[in-house]
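Structural features, examined
As a plain string of letters, each chain reads:
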Amino acid sequence: MKTIGALLWEPGTRSGWSVEEIEIDPPKSREVRVKLAASGICHSDDHVDTGDIPLDWAPIIGGHEGAGVIEELGPDVTGFEVGDHVVLSFLPSCGHCKMCTIGRSNMCEMGAGVLGGFAPDGTHRVHARGQGVGPFSYLGTFSPYVVVNIDSCVKIGKDIPLDKAALIGCGVPTGWGSSVYAADIQLGDTVVVIGTGGVGMNAVQGARHKGAKNIVTIDPVEYKRDQAKIFGATHTTENFEQCREVVDQLTEGQGADVVIITVDIAYGHLLNPAQEMTRRGGTLVLTAAAPVTQRDVPFDLFTFAMSGKRLQGTLYGTTTARRDIPLIADMYRRGEFKLDELVTKTYKLEDINTAFKDLREGKNIRGVIMYDD
Ligand SMILES: NC(=O)c1ccc[n+]([C@@H]2O[C@H](COP(=O)([O-])OP(=O)(O)OC[C@H]3O[C@@H](n4cnc5c(N)ncnc54)[C@H](O)[C@@H]3O)[C@@H](O)[C@H]2O)c1
Ligand SMILES: [Zn+2]
Ligand SMILES: [Zn+2]
């Protein structure tokens, strides 16, 4: 079928996204065609344009936060029907590799290939200007239609609004799981979240769910500080110095039990001030993506070891998509999870470069591309 998509022809050059005609093949074995309702704009898409996530292939169709309705089934599809509502998970789970079988599907072997430039079977479903187009995260949700493997699809109830559900494909579980699983926050903890955008706001929600006593955020943007309180922040600050003061007061100088880094781009120099705010025996979680060239990290190793701290990286908030996507949808249904409040502004696909400009200027918690007929 012919439709439109937002592509990068020269990733890493800050060229911006080209919205143009694309051709999508019918679904092959174990694939479905999904008509998307919306796609979130995650900062990781921007990293491909800036080169912080470098690709050695092109073109790419961006977008990895989508939800929609299954329109067509390819051969060998089981467990899904036409009309099912699905969230597209930015990491697939095959269900049978070692990590999937031990309940750590964010580390699924299939997921290791998501930025390889092809569908999981090594071919292209999307074509433009006579060339094969690689999808971001096996998805490429910057198009009203996608053909994806069923291992990337997670069914949700038909009562959940799909434009909000789209965010459960990446930013929501990544932030929420950073608190709930990666940091393993305990009742009564003092938690610091550094950077409260689309991912960080959900780390705040996760900290609230785990019963944190104090949730202190840092963000230089006033709007983000105001909004963080709605998601559960007890104290909001503008920078590390202010945060350190607040944390010292709250903990009698002991430091935060947990510090989570969810800034737009992680640089090495953030790590030590974050460690200094972490109490003895506490946990520092790094969720934000760093430029892959970032290798130098000034870090007080002596204090780190001798005060028994834990530094924990996390992909997808250490969540298990097939468990956590329906769980979050259910919490939303019961009014226990804020999704509506995450959407600051909606855009048409044609205005995607404005959406990325707004992201870089810190205007949105989440910008969302809406697909209507
Ligand atoms: N680990 C994963 O699996 C995973 C998944 C999704 C996204 N990410 C990464 O998480 C990061 C956050 O993504 P996002 O979509 O929420 O981005 P975003 O742009 O929506 O939010 C980033 C926030 O950080 C704030 N910020 C910038 N510098 C800061 C500083 N020095 N101190 C405090 N706050 C600061 C910004 O004002 C903004 O509110 C990105 O690096 C993204 O690539 C990681
Ligand atoms: Zn993402
Ligand atoms: Zn697997």
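Residues numbered from 1 in each chain as written. Chains lettered and ligands numbered in written order. Predicted model: local features only at pLDDT ≥ 70, side-chain atom pairs only at ≥ 80, totals over all residues. Heavy atoms only, no water.

Identification of the protein as alcohol dehydrogenase from Rhodococcus aetherivorans is taken from an unreviewed UniProt entry. In UniProt, the protein has this text filed under Cofactor (unreviewed entry): "Zn(2+)". (UniProt positions renumbered as here; feature names shortened; annotations may be inferred.)

**Some details on the pairing of strand S3 (residues 31–40)**
S3 sits mainly inside the fold: eight of its ten residues count as buried. Bridge count for S3 against strand S9 (residues 145–149) is five bridges, and the pairing is antiparallel. Of the residues in S9, the one forming a bridge with Val32 is Val148. With seven bridges connecting them, S3 and strand S5 (residues 66–73) associate as antiparallel partners. Note on S5: the bridge partner recorded for Arg33 is Glu72. (Buried < 20%, exposed > 50% of the residue type's maximum accessible area, 1.4 Å probe, protein only. Helix = DSSP H or I, 4+ residues; strand = E, 2+ residues; numbered from the N terminus. Pairing = 2+ DSSP bridges.)

**A word on the site of ligand 1**
Residues in contact with ligand 1 amount to 30 residues; listed here are only the nearest, His43, Val199, Asp219, Asp264 and Tyr316. At 2.6 Å, a backbone N or O of Asp264 approaches an oxygen atom of ligand 1. Within the backbone of Thr287, one N or O atom sits 2.9 Å away from a nitrogen atom of ligand 1. In isolation ligand 1 has 870 Å² of accessible area, and contact with the protein removes 89% of it. With three residues, helix H1 (residues 43–50) is the single largest residue contributor to the shell around ligand 1. (Near = heavy atom within 4 Å. Polar contact = N/O pair within 3.5 Å; in protein donor to acceptor, adjacent residues only side chain to side chain. Areas by Shrake-Rupley, 256 points an atom, 1.4 Å probe, with all protein chains shown as cover.)

**Looking at unusual backbone geometry**
Trans peptide bonds make up most of the peptide bonds, and negative phi angles are found at most residues other than glycine. The omega torsion across Ala58 and Pro59 is -5°, close enough to zero to call that bond cis. Take Pro59: it is sitting in the loop between H1 and strand S4 (60–61). The phi dihedral of Asp76 is positive, around 65°, even though this residue is not glycine. Looking at the secondary structure, you find Asp76 in the loop between S5 and strand S6 (85–88). Unusually for a residue other than glycine, Tyr316 sits at a positive phi of about 60°. Along the polypeptide, Tyr316 turns up in the loop between strand S16 (310–313) and helix H10 (321–333).

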